[in-house]
Amino acid sequence: CWTQNRYALFRRLWQALYFRRGSSMKVITFILLLFFLIPSYAEDDWTKKITPEATLKAIQIFKNDPTGEYAEGALSIIVNYAKNSPDVIATLQSELFPFEFDKIEVKAQTIFLGSFIAGNIEPQILQKTKKDFPFEGVKLLLYTYTKLRDKNLFKKNKTFEEWIALLNKNELRKKLKT
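Residues numbered from 1 in each chain as written. Predicted model: local features only at pLDDT ≥ 70, side-chain atom pairs only at ≥ 80, totals over all residues. Heavy atoms only, no water.

**Re the environment of Lys156**
With respect to the helices, strands and loops of the structure, Lys156 is situated in the loop between helix H6 (134-150) and helix H7 (158-168). For the pair Lys156 and Thr146, spaced 10 residues apart in sequence, the C-alpha separation works out to 8.8 Å. Excluding residues that lie within four positions of it along the chain, Lys156 makes contacts with Tyr145, Arg149 and Glu161. (Helix = DSSP H or I, 4+ residues; strand = E, 2+ residues; numbered from the N terminus. Contact = heavy atoms within 4.5 Å.)

What follows is the structure, given as structure tokens:
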């Protein structure tokens, strides 16, 4: 309703801009667009409407190909669901990450944190229980690291490799005390 009205107004303003090519009209239109469109996005906060089912699909998309073209969008859905849902919890503790944040690039940090959150909240959604699953988060983080490493998108890292070896020996949970 109100958002649709804003959209219609936006279209009218855009048409007016298109037909009147004066620079002052462009500035006025741009300012009006800012006033009318930005608040409409804030009112219709889509992140609060993400369902558990959509989140599970996003987790599956990410797990299928953490380096694919849809991975970033999937992580956005996952992280926003974790942030806004009262039904899940994902506690981020530095000892659960096999890297120092200041020593890797921001994009890799985002991918690793997102994969940890995805692995952590997936069992919560499936079991319909609000309980932290940090070990599952670490497992997906390590899986993501191997995919990035195999495609030469992330350099081989000694700590990651040690954790993977421990995971393969079923000793990682004991080391992490989760």
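**Focus on the packing of aromatic side chains**
The full count for this structure, using the stated rule, is 9 aromatic pairs. Note on Tyr145 and Phe154: the rings are 5.9 Å apart at their centroids and 85° apart in plane angle, and the pair reads as edge-to-face. Just as Tyr145 is buried, Phe154 falls in that class too. An aromatic cluster is present here, built from Phe97, Phe99, Phe112, Phe116, Tyr145, Phe154 and Phe160 joined pairwise through their rings. (Phe/Tyr/Trp six-rings, centres within 6.5 Å; stacked < 30°, edge-to-face > 60°. Buried < 20%, exposed > 50% of the residue type's maximum accessible area, 1.4 Å probe, protein only.)

**Looking at unusual backbone geometry**
Phi is positive for Asn152, which is not a glycine, with a value near 55°. With respect to the helices and strands, Asn152 occurs in the loop between H6 and H7. Among the residues examined, Asn152 registers a relative accessible area of 71% and is labelled exposed. One non-glycine residue, Asn170, adopts positive backbone phi at about 60°. The topology assignment puts Asn170 in the loop between H7 and helix H8 (172-176). Given a relative accessible area of 71%, Asn170 falls into the exposed group.

By themselves these figures say nothing about function.
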